[in-house]
Amino acid sequence: MLRYVFFRLLQAVAVLWAAFTVSFIVLFLLPSDPVSLAADSNGAGSPVDAAAIAEMQARYGLDKSVWEQYWTALTNAVHGDFGSSITTGRSVVGAIADAVPSTLALAGTALVLAVVVGGGLAFLAVYTRVRWLRTALLSLPPLGAAVPTFWVGLILLQLFSFGLPVFPAFGDRTPASVVLPAITLAIPTGAVIAQVFATSLLSTWREPFVEVAATKGASRWYVHTRHVFRIATVPALTIAGVLVGELLAGSVVVETVFARAGVGRLTQTSVLAQDIPVVQGIVVLTALVFVVVTLAVDLVYPLIDPRIVVRRERASAAGPTATAPATPDSSEPTRV
């Protein structure tokens, strides 16, 4: 297990490096100059002195070669320094740190809603024996995954903010302001979790151990909750870990619709202004969250299904040069 964790940590470092490198290359290949954009936006379209632009480019190191810029940015990032925002002049780490709490509250609430509602929907749909009810419940996840996020947000605003003033329409100052954005963000996420979990439950019900448990006199509820549910949560847990990154990506749209100050709004403004340091900091943060959640999910697997540990031990003992077991001779009796 220690060796497995060590190699996963190496993979995490490689993912972070790749995310930083790809974002640097993409932003460097953009045709426009972020310093010129910042100068034009501050000057409201008035001409800017070329010497001042050159001075700003030298201040942010944009007058150096691409390799020098990359090495300087990578070295500083390793030490936790992503520089300063070209647009605002603030520290990138400070700007992201101020935006993270709002997005964390939104994404955390949305994830809890998605897991509870999506998982509960799949659990009930597979458990029930009423055909029309199962069909109706299983038809809801594809609908939730197909509906655009911004459209859901606008409908919720019209119904529960402008029509019935139950929840605030904009801002993030009160706990009630997170309800509508969290529901908007949880609907597509919960739909995907429900689809994966329902498929896993249905396939687990076809396993031989389920038939054995039923033969021994176990009730359908006992088999569903004590045997099928635990094994079927492994694929759902995997997709839930992957969807954490999707929640951060979806927060861009949701925070824009509900005017929330978070990582999503910061990403939107930074991309439009081509604020390279801020965008790189957000990309690295997203990659860090993804690799940490993925590693945590992998470590939880053995607690849910101990057979995973046995498979890993066999694969480790076999090694890369192991061959498939020989087929037994047909002339000898097969021992069952």
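Each residue is numbered by its place in its chain's sequence as written, counting from 1. Residue-level local features of this predicted model are given only where pLDDT is at least 70; pairs of side-chain atoms are given and counted only at 80 or more, and the full residue set underlies all totals for whole chains, interfaces and linings. The basis for every side-chain value is the complete set of non-hydrogen atoms in the structure, without hydrogens or water.

- Going by an unreviewed UniProt entry, the protein carries the name ABC transporter permease and comes from Williamsia deligens.
- UniProt positions are given in the numbering used here, feature names are shortened, and annotations may be inferred rather than shown by experiment. The UniProt entry for the protein carries the following comment under Sequence similarities (unreviewed entry): "Belongs to the binding-protein-dependent transport system permease family."

**Topic: the pattern of salt bridges**
Here is step 1: A carboxyl oxygen of Asp or Glu within 4 Å of a side-chain nitrogen of Lys or Arg is what we treat as a salt bridge. This structure, assessed with the given rule, holds one salt bridge.
Here is step 2: Its salt-bridge partner being Arg-90, residue Asp-98 comes within 2.4 Å of it at the nearest N-O pair.
Here is step 3: Partly exposed describes any residue whose relative accessible area lies between the buried limit of under 20% and the exposed limit of over 50%, with all areas from a 1.4 Å probe on protein chains only and scaled to the type maximum. Residue class for Asp-98 comes out exposed when judged on its relative accessible area of 52%.
Here is step 4: Residue class for Arg-90 comes out partly exposed when judged on its relative accessible area of 40%.

**Digging into the environment of Val-210**
Here is step 1: Put simply, DSSP H or I for four residues or longer makes a helix, DSSP E for two residues or longer makes a strand, and each gets a number counted from the N terminus. Here Val-210 is to be found in helix H10 (residues 208–215).
Here is step 2: Between two residues, a contact is recorded if the distance between any of their heavy atoms is within 4.5 Å. Val-210 has contacts with Thr-204, Trp-205, Val-223 and Val-228, leaving out every residue within four places of it along the chain.

**Things to note about the confidence of the model for the protein**
Close reading of the predicted structure is inappropriate where its pLDDT is low.
Here is step 1: As a per-residue measure, pLDDT reflects the predictor's confidence and takes values from 0 up to 100. The share of residues in the protein with pLDDT of 70 or more is 80%, and the mean pLDDT across the chain is 78.
Here is step 2: The model gives residues 320–336 a pLDDT under 50, and that stretch makes zero contacts with residues more than four places away or in other chains.

**Describing the UniProt feature "transmembrane region" (unreviewed entry) in the protein**
Here is step 1: According to UniProt, the "transmembrane region" (unreviewed entry) feature falls on residues 12–30, 104–128, 140–164, 176–198, 236–258 and 278–304.
Here is step 2: Between the end C-alpha atoms of residues 12–30 the distance is 28 Å, and the span holds 89% helix and 0% strand.
Here is step 3: Split by type, residues 176–198 is 87% helix and 0% strand. Its first and last C-alpha atoms lie 31 Å apart.

**Let's talk about the side chain of Ser-102**
Here is step 1: With respect to the helices, strands and loops of the structure, Ser-102 is situated in helix H5 (residues 92–127).
Here is step 2: The class of Ser-102 is buried, set by a relative accessible area of 10%.
Here is step 3: Here Ser-102 is in contact with Asp-172, Arg-260, Ala-261 and Gly-262, once residues within four sequence places are set aside.

**Brief notes about the packing of H5 against helix H6 (residues 131–138)**
Here is step 1: It is the contact of H5 with H6, at a shortest axis distance of 8 Å, that shows an interaxial angle of 155°. Looking at the two axes, H5 sits roughly antiparallel to H6. The element H5 and its partner H6 pack so that their crossing is left-handed. Here H5 contributes Leu-121, Leu-124, Ala-125 and Val-126 to the contact with H6, which in turn contributes Arg-134, Leu-137 and Leu-138.
Here is step 2: Residues are grouped as follows: Ala, Val, Leu, Ile, Met, Phe, Trp, Tyr, Cys and Pro are nonpolar; Asp, Glu, Lys and Arg are charged; all remaining types, including Gly, are polar. For the contact of H5 with H6, the class distribution of residues is six nonpolar, no polar and one charged. Axis geometry follows a simple rule: fit a line to the C-alpha atoms, using only the stretch in contact for helices, then measure angles between N-to-C directions, giving values from 0 to 180 degrees. The scheme is simple: roughly parallel for angles under 35 degrees, roughly antiparallel for over 145, roughly perpendicular for 65 to 115, oblique for anything else. The sense of a crossing depends on the near helix, which, turned anticlockwise from the far helix by less than a right angle, makes the crossing left-handed and, turned clockwise, makes it right-handed.

**Side note on the nonpolar core**
Here is step 1: Working definition of a nonpolar core: buried Ala, Val, Leu, Ile, Met, Phe, Trp, Tyr and Cys residues. They are joined through side-chain atoms within 4.5 Å. In terms of nonpolar packing, the biggest core is built from 20 residues, with Leu-106, Ala-110, Leu-185 and Phe-258 touching the most fellow members.
Here is step 2: Among the secondary structure elements, those contributing two or more residues to this core are H5, helix H8 (149–163), helix H9 (179–205) and helix H11 (220–257).
Here is step 3: If we skip the residues at most four places from it in the chain, Leu-185 touches Leu-106, Ala-110, Leu-247, Gly-250, Ser-251 and Val-254.
Here is step 4: If you look at the next biggest cluster of nonpolar residues, it comprises 14 residues, including Leu-74, Ala-77, Phe-82 and Ala-99.

**Some details on the packing of aromatic side chains**
Here is step 1: Stacked, edge-to-face and tilted labels apply to pairs of Phe, Tyr and Trp rings (six-membered ring for Trp) whose centres lie within 6.5 Å, assigned for plane angles under 30 degrees, over 60, and everything in between, in that order. Considering all chains together, one arrives at seven aromatic pairs under this definition.
Here is step 2: On the numbers, 5.7 Å between centres and 70° between planes, the contact of Phe-6 with Phe-7 is edge-to-face.
Here is step 3: Exposure remark for Phe-6: the relative accessible area of 47% places this residue in the partly exposed category.
Here is step 4: Seen from their ring centres, Phe-20 and Tyr-70 are 6.2 Å apart, and the 45° between their planes marks the pair as tilted. Linking Phe-20 in helix H1 (residues 2–28) with Tyr-70 in helix H4 (residues 66–78), this pair joins segments that are 50 residues apart in sequence. Each member of the pair, Phe-20 as well as Tyr-70, is classed as buried.
Here is step 5: By definition here, charges over rings are those cases where NZ of Lys or CZ of Arg is within 6 Å of the ring centre and within 35 degrees of the ring normal. One cation-aromatic arrangement involves Arg-220 over Tyr-127; the distance from NZ or CZ to the ring centre is 5.7 Å.

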